[in-house]
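# Survey of secondary and tertiary structure
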Amino acid sequence: MNKSMIEFHEYLKSCKRIVALCGAGLSVSSGLPTFRGSQGLWKNFNMIDLATPDAFYIDPGLVWQFYSWRRYQALHSQPNNGHKALAKLSKLENIDFITITQNVDGLSIRSNHDKSKLYEIHGSLFELKCTSFTCNYKDHNNFKHPLTNALKETEEEFENVRKRRFQEDQLNSPQFNPVKEINEDELPRCPICNDLLRPGVVWFGESLSLSILNQIDNFIEQSVDLILVVGTSGTVYPANSYVDRVIHQGGKVAIFNTDIEESSLKDNEIWGFKGDAAELLPIALKPLIDE
Ligand code: BJW
Ligand code: ZN
């Protein structure tokens, strides 16, 4: 075990209040892609460009096909040892702990994480909500696939993309079906007002749930000893602001990422563990979760 892991273990054993901030990298070893970088492509589209209200407004059929594919992928993936290590931490009675996840894949819940300590700040692929301003309809834990007949076959792309990821040289010649043009009346509709339903996720420019943010604020206000920053590029606000808040209060940071810039580790208060979060987290958290 390297010196910094030994030092980290020593500090970890003294921690009473811990936060985990997670991103797409946590689910990579479960087979799910990240948003940025070479993985962040769906068909010819940049995934980030599809995660906006404008994209949905302009072409809801396109965006629904993307989310139908994401739902299928998530449903056919399993939580990995990184999710499971955090879930174990959430069950400890002597540590105050919360996980703030930007992931919408539901894998943390499925790893048996204590639900009262898990904040899915960007929503869930398995929640649907009505687009009408005057209708509050929401459908939680909807795991149906496909949601409508028109959204059939999005699953075929799943295997294609998975194969492509192992054959990097084929990245420039992907073999997939083009997106279908889908009429709005063939997309998921609200059972109350018949308006269009949308995925219950938070897109760029949209507000996060204030109730969730308040609960996180309440936790962070009482000083936090350690924040685990797991598989996130830290490019998206407000998720990225939690790291500075913890540092500002005197807490320490441990980054688990396959790609860590050396310059971000100059600070003594930051540990950087380079590699797959699914492999690193069980090792890093061992002193607490294996006792
Ligand atoms: C591994 C690994 C392995 C790989 N192991 N690691 C200027 C203009 C306009 C807006 C703004 C602006 N400046 C700031 C804003 C606000 C904006 C924002 O932050 N924009 C920036 C991009 C500049 N934010 C918002 O709009 C947010 N809303 C908001 O601020 O409202 C105001 C408000 C705030 C608070 C209260 C009230 C009001 C909303 C942001 C919503 C983001 N939504 C998405 C889509 C969600 C639905 C979906 O999943 O489809 O969230 S975008 C996308 O980015 C998704 C992710 O959760 C999020 C973060 O990405 P993440 O998880 O970090 O993934 P990647 O791909 O970026 O990184 C993966 C990492 O893993 C990499 O580092 C790899 O190295 C690593 N990795 N394999 C460990 N095996
Ligand atoms: Zn409705």
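Residues numbered from 1 in each chain as written. Chains lettered and ligands numbered in written order. Predicted model: local features only at pLDDT ≥ 70, side-chain atom pairs only at ≥ 80, totals over all residues. Heavy atoms only, no water.

The chain goes by NAD-dependent protein deacylase in an unreviewed UniProt entry, where it is assigned to [Candida] jaroonii.

Our next topic: the confidence of the model for the chain. Scored by pLDDT, the chain has a mean of 92; 91% of the residues are at 70 or more. With pLDDT under 50 throughout, residues 169-175 is counted as low confidence; its partners more than four residues away or in other chains account for five contacts. (pLDDT = per-residue confidence, 0-100. Contact = heavy atoms within 4.5 Å.)

All right, on to the sheet that holds strand E5 (residues 118-120) then. Taking strand neighbours across the sheet as the criterion, the six strands line up as E5-E4-E1-E9-E10-E11 in an open arrangement whose pairing is parallel. Where the open sheet ends on each side, the last strands, each with one partner, are E5 and strand E11 (270-274). Taken pair by pair, the neighbouring strands of this sheet meet at an average axis angle of 15°, ignoring direction. Note that strand E9 (residues 226-230) and strand E10 (residues 252-257) share five bridges and pair parallel. Within E10, the position partnered with Leu 228 by the bridge is Ala 254. This element, helix H10 (residues 277-284), spans E9, E10 and E11 of the sheet and lies at about 140° to E10. (Pairing = 2+ DSSP bridges. Helix = DSSP H or I, 4+ residues; strand = E, 2+ residues; numbered from the N terminus. Axes fitted to C-alpha atoms, helices over the stretch in contact; angles between N-to-C directions.)

For the rest of this paragraph, the subject is the coordination of the zinc ion (ligand 2). The coordination sphere of the zinc ion (ligand 2) contains the protein donors Cys 130 (SG), Cys 135 (SG), Cys 190 (SG) and Cys 193 (SG), at a distance range of 2.3 Å. One can describe the site at the zinc ion (ligand 2) as tetrahedral: its four donor atoms subtend angles covering 96 to 119° at the metal. Linear spacing of the donor residues for the zinc ion (ligand 2) on their chain is C-x4-C-x54-C-x2-C. (Donors = N, O, S within 2.8 Å, 3.2 Å for Na, K, Ca; no water. Tetrahedral: all angles 85-135°; square planar, octahedral: opposite > 155°, others 65-115°.)

For the rest of this paragraph, the subject is H10. Buried residues of H10: Ala 277, Ala 278, Leu 280, Leu 281 and Ala 284, and no others. Mapping the buried residues of H10 onto a view down its axis gives an arc of 165°, with all of them on the same face. The elements touched by buried residues of H10 are helix H1 (3-14), helix H5 (81-90), E9, E10, E11 and helix H11 (286-289). (Buried < 20%, exposed > 50% of the residue type's maximum accessible area, 1.4 Å probe, protein only. Arc of directions from axis to C-beta.)

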